[in-house]
Structure formats: C-alpha cells, structure tokens
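Commentary on secondary and tertiary structure
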Amino acid sequence: MTALNDLVRPDRYPRSSRYDPAWLVGLDMGPNPLWLLEDLARDLDLRPGMRVLDLGSGRGATSVFLAREYGVDVVAADWWIPAQDAEAVFTQAGVEDKVQAVRTEAHVLPFEEESFDAIVSIDAFEYFGTADGYLPYLVRFLRPGGQLGVATPAMTREVRDLGAIPPHIKRVVGWEAIAWHTPQWWRFQWEVTELVNVTSARLQPDAWQDWLLWSRACAEHQPDGAKANQPVIDMLTEDGGEYLSFALLTARKN
C-alpha cells in the first residue's frame, strides 16, 4: 500500500490529506483531482452559500470536496457519469443536501443565465473549452463578478511551437495533447474576449510528479491497474517535467 500512502501529503495538500486515498482512487477519472482543486482554490474566493457549477465533475470527488471544504452549494454536471451514480457518492459522503447531480453535455447546459457565483472545472476543460467560442458561451451562466477556475493538462511549450507532439507523449495520448496549452495561451484566449479579467494563469508546481504519484497508486490499487497505468508512468518518467504539467487558471466575469 506504499503508493497509496504517497497520496497523503498534509504538508502540501492539507485539505486533501483528510480524504481516504483508496476512496479517491476508486473514483479515478484522471490525475489527483483533489490536489488540483485544492491548489486552484488558493486563487479563488469560495465562500459558504455560493452556488458553484462543477463542470465535468466525473464520479463526484471534486463536488464532495467543494461542499465539505468551502461550504458551497454545488451543481455537479457531467456527460459520462449517470446522475444516479454520482448521487450515490454524494449520499455516502453525507453531502446530498449540498450537491445536485445533473447529466448534461458542456455545450447544452440546462441552467438559467447568471445563476452561478463560480464555475470550476477540474481535468475536463481540455475536452470542450479550447474552442474560440466556448468562453463567451460559458460566462453567460456566471453572475457579474462571478469566478471561473480551471485545472487542465498543460504543456510547458505549445505543440505549434515545437512543430510536433513529442514522441513519448504522442505514443500515450495521441492527438489529445494538441489541446494541452500553456498558461500564456489560456490567458490570451480568455482576455481577448474582454468578457473576463484573468486573475491567475500558472503551471502547477511539480505537476508531473503529482501525476506520477497518482498513476503509481492507481497501478497498485485498481484491478488491472498496472496495465492501464504503466504507459502513463513511462511517459511521465521519460518526460521528467520537460513538457508535461497542469495549468491552473482563474478569472472574474467583467
């Protein structure tokens, strides 16, 4: 169980370290979502009673974290996970009164305009948020002054500037890496709309190492985990932080 124990890091992620790593790995849909959210939230102003959209909430770990740690009311929206499956996680975690599960696709959100104080998206925005017209669509659901926070896989240099996806990355994720942009790319993409004020755009420190710890824990703990995670472990080990990271982005609606 050594690899699971490595997911408890109170010195760096004190809030996340209060959660059972086996529970979290059991909800796996990508690199440690609580570490990403806890780091991202340092650049946000989340307060009890706020209404927050967790966009691309997966199996619900981030929504549980938002409700418990920040006292916000969460709408957990995901396309791949049935609402009843997420609701079971919320009930087990004792946050069913604070979190509502909605199954919806990111381009057809069934919400009233200006109905959220904040929108948070952890390890999902790369699948739908890179299109030029998506931010103008999404901010319609934020109240004036509302906050947007995104954690998304990143490259330290743009693939366009490199001229190709590095081979060790292409072998594992293929064309998907084209959507893994630098924080500077995201800052321009958002600010050029004049719809938001970008309040932070940064790489998560040592993100590739966090990702590696997560992949090793999943390889150890999940059924067939070694087969599924070894390619990612090899990719991260070869990369050593040269290209792979996570971008943490926050903004306020003008």
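Residues numbered from 1 in each chain as written. Predicted model: local features only at pLDDT ≥ 70, side-chain atom pairs only at ≥ 80, totals over all residues. Heavy atoms only, no water.

This part is about the pattern of salt bridges. Tallied over the full model, the rule gives 16 salt bridges. Asp117 is the salt-bridge partner of Arg143, the closest N and O atoms lying 2.9 Å from each other. Taken as a pair, Arg143 in strand 5 (residues 142-155) and Asp117 in strand 4 (residues 116-122) lie far apart in primary sequence, 26 residues in all. Arg143 sits in the partly exposed class, given a relative accessible area of 31%. One network of salt bridges, in which partners are shared, links Glu38, Asp39, Arg42, Asp43 and Arg202. (Salt bridge = Lys/Arg side-chain N within 4 Å of Asp/Glu carboxyl O. Helix = DSSP H or I, 4+ residues; strand = E, 2+ residues; numbered from the N terminus. Buried < 20%, exposed > 50% of the residue type's maximum accessible area, 1.4 Å probe, protein only.)

Leu46, Phe90 and Ile169 are the most contacted members of the largest nonpolar core, which totals 63 residues. It is helix 10 (residues 207-221) that provides the largest number of residues to this core, a total of eight residues. Setting aside chain neighbours within four positions, we find Ile169 in contact with Met155, Gly174, Ala177, Trp180, Met235, Asp239, Tyr243 and Leu244. Counting 30 residues, the second largest nonpolar core, distinct from the first, contains Ala106, Phe111, Tyr134 and Tyr137. (Core = buried A, V, L, I, M, F, W, Y, C linked by side-chain atoms within 4.5 Å. Contact = heavy atoms within 4.5 Å.)

Once that is clear, we can look at helix 3 (residues 33-41). Of all nine residues that make up helix 3, nine are buried, and the element is covered over most of its length. One side-chain oxygen at the N-terminal end of helix 3 lies 3.1 Å from the backbone nitrogen of Leu34; it belongs to Asn32. (Polar contact = N/O pair within 3.5 Å; in protein donor to acceptor, adjacent residues only side chain to side chain.)

Attention shifts here to the pairing of strand 4. Across the seven residues of strand 4, six count as buried, placing the element largely inside the fold. Pairing of strand 1 (residues 51-55) with strand 4 involves three bridges; the strand directions are parallel. In the sheet register, Asp54 faces strand 4, and the bridge partner there is Val120. Note that strand 4 and strand 5 share six bridges and pair parallel. (Pairing = 2+ DSSP bridges.)

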